[in-house]
Amino acid sequence: MGYSGQSYSRSFSLSAATSTVCVVPGLAVPVALCDAERLPFPARSFDCVSVGFGLRNMTRKEVALAEMARVLKPGGRLLVLEFSRVWAPLRTVYDRYSFSVLPWLGARIAGDESAYRYLAESIRVHPDQATLAEMMERAGLERVEYFNLAAGVAAVHRGYKTA
C-alpha cells in the first residue's frame, strides 16, 4: 500500500503499459510500468514492496533492492519471491529436468525452447538464499529471513526497514 492507500503493480506486459488500471476479478489495481532501479515514488511511500520472479531478471540487483528499500516506510517490509538454490540431494535431478525436460516442454507446448533454456540458466546465476539475504541487508533492510518452498526451488525473502 502506498500513499493515499493505493496499491501498485508493475506489469511486464506491453499491453499493460498503455493502461492505468490492471483489472483483477473484483479488484481494480493501478499499474506503474517503471524501472526498478529508479522507482518513480517518493521515499517512504509504501508499507510493503513485493517482487515475484522478477528480481532474477534485473541487471543491477543491488541497486534495485536499495531502491525498493528507499520507498518503504519505516516498519515496512520487502517481500521477494524468486527461484532459488534447490536442496543439494535433489540438485542433479533438478538440473536434468531444468536443462532437458523444461526446454523440451517449452518447445512442444509454448513453441519457445530458448525462453525455457534461458529460465534454467538465469536461475543458476541468481544469488542463492543466503547471498540474497546478505544483499537485502546491504540495501538497508533488517531482520532479513527466507523461507524455502519446494525444497528450495523457490524462496520467499522478507526484510524490514526500521529507520
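So, here is what we can say about the structure in this document. All values derive from a computational prediction rather than experimental measurement.

### Examining helix H2 (residues 61-70)
Helical geometry: 3.6 residues make up each α-helical turn, so side chains three or four residues apart lie on a common side.
Thought 1: Those residues of H2 lying buried are Lys61, Ala64, Leu65, Glu67, Met68 and Ala69.
Thought 2: As for H2, its buried residues are in contact with strand S3 (46-52), strand S4 (72-83) and helix H5 (129-138).

### Some remarks on the pairing of S4
Thought 1: Of the strand pairs in this sheet, S3 and S4 are connected by six bridges, and their pairing is parallel. Paired with serine 50 across the two strands is leucine 79, which belongs to S4.
Thought 2: Where the polypeptide runs from S3 across H2 and back to S4, its parallel neighbour, the crossover connection is right-handed.
Thought 3: Sheet topology note: the S4/strand S6 (residues 154-160) ladder contains seven bridges and is antiparallel. Its bridge partner being in S6, leucine 78 is matched across the sheet by glycine 159.

Reading the values: the criteria
- Residues numbered from 1 in each chain as written.
- Predicted model: local features only at pLDDT ≥ 70, side-chain atom pairs only at ≥ 80, totals over all residues.
- Heavy atoms only, no water.
- Buried < 20%, exposed > 50% of the residue type's maximum accessible area, 1.4 Å probe, protein only.
- Helix = DSSP H or I, 4+ residues; strand = E, 2+ residues; numbered from the N terminus.
- Contact = heavy atoms within 4.5 Å.
- Pairing = 2+ DSSP bridges.
- Right-handed = clockwise from strand over helix to strand, strands pointing away.

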